[in-house]
Amino acid sequence: MKVGVLALQGAFGLHERVLNRLDVAAVQVRTSEELAEVDRMVIPGGESTAISKLLDANDLADPLAERLADGLPVLGTCAGLILLASEVVDGYPGQHCFGAIDATVRRNGYGRQSESFHAPIEIEGWELPFPGVFIRAPVIASAGPEVEVLAELDGVPVLCRQGSVVVSSFHPELAEDDRIHRWFVEQE
Ligand code: GLN
């Protein structure tokens, strides 16, 4: 299995590191040729507006939309969640959201950089909480009926799945805890 990490901007190197720790072949994706080679994909956190513009600059937006529509399994964290959502509130005009998961997100909904925080995340069926790192994180304001909420924080979804699309508003690659990545790559 080859897992692509969208490597235009943001925390892609840390995702690669986690995948390498799990002995999963991780490749950086910056071109449509590289995208065509992968079986799964991680869209990292960073700045969704910048990633969105770079997707256009690299002619990657349409090929990515196509692969997502074909059911490419994808893990989107923070800015990655924003790009996978069906609707973005407080985004930039024209910013891409691919609608891979039926959710509305509010950019920077948890506040600014200085309001970043850590919180233990209780994930259903997991014995120990996951250390959640929230950095200018988006709030999942609503989620459609097909979206499975795997974890909430104060009653707000923070980890969700719809089919093979997994999203988190926090940064699992910043925790010294590989469980979310392992679970993602083990999904059927
Ligand atoms: N606020 C950022 C955005 O709008 C996301 C922050 C993050 O990925 N840590 O894209």
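Everything below is about the structure shown above.
What comes next is a walk through the structure. Per-chain numbering applies: the sequence of each chain, read as written, is numbered from 1 onward. Where local features are concerned, this predicted model is filtered to residues with pLDDT of at least 70; where side-chain atom pairs are given and counted, the filter is 80 or more; whole-chain, interface and lining totals use all residues. To get the side-chain values, all heavy atoms of the structure are used, and hydrogens and water are removed first.

Attention now goes to the site of the ligand. In this text, near means that some heavy atom of the residue lies within 4 Å of the molecule or strand in question. Around the ligand, the neighbouring residues are Gly45, Gly46, Glu47, Ser48, Cys78, Ala79, Ile82, Arg107, Asn108, Ile135, Arg136 and His171. Separating an oxygen atom of the ligand from a backbone N or O atom of Ala79 is a distance of 3.1 Å. Residue-level accessible areas treat just the shown protein chains as cover; the underlying method is Shrake-Rupley with a 1.4 Å probe. In the complex, 98% of the free accessible area of the ligand, which totals 300 Å², lies under the protein chains. A cavity here means a set of 1 Å grid points, computed over protein atoms only, where a 1.4 Å probe fits but cannot escape. A pocket is an open set with protein on both sides within 12 Å along at least 5 of 7 lines, and lining residues have an atom within 4 Å of a point. Put plainly, a molecule is in a cavity or pocket when over half of its atoms are within 2 Å of the grid points there. A molecule is said to occupy a pocket when more than half its atoms come within 2 Å of that pocket's grid points, and by this definition the ligand occupies the largest cavity. Looking at the shell around the ligand residue by residue, the classes come out as 4 nonpolar, 5 polar and 3 charged. Distance and chemistry together define a polar contact, namely a pair of N or O atoms within 3.5 Å, with one atom able to donate a hydrogen and the other to accept it when in protein, and with adjacent residues in sequence counting only for side-chain atoms on both sides. We call Asp, Glu, Lys and Arg charged. Ala, Val, Leu, Ile, Met, Phe, Trp, Tyr, Cys and Pro are nonpolar, and the rest, Gly among them, are polar.

Let's shift gears to the pattern of salt bridges. For this document, the term salt bridge refers to a Lys or Arg side-chain nitrogen within 4 Å of an Asp or Glu carboxyl oxygen. With the rule as written, the count across this model stands at 7 salt bridges. Between Arg17 and Glu176 there is a salt bridge, with the nearest N and O atoms lying 4.0 Å from each other. Note that Arg17 is positioned in helix α1 (residues 12-21) and Glu176 in the loop between β12 (165-168) and α6 (179-186), a separation of 159 residues in sequence. Since its relative accessible area comes to 68%, Glu176 is described here as exposed. Put simply, Arg179 and Asp177 hold a salt bridge, and the shortest N to O gap is 2.8 Å. A relative accessible area of 21% means that Arg179 is categorised as partly exposed. Each of Glu47, Arg107 and Arg136 takes part in a single network of salt bridges with overlapping partners. Secondary structure elements follow DSSP: runs of H or I no shorter than four residues count as helices, runs of E no shorter than two count as strands, and numbering proceeds from the N terminus. For every residue, the accessible area (1.4 Å probe, protein chains only) is compared with the maximum for its type, and the residue is labelled buried under 20%, exposed over 50%, or partly exposed between those bounds.

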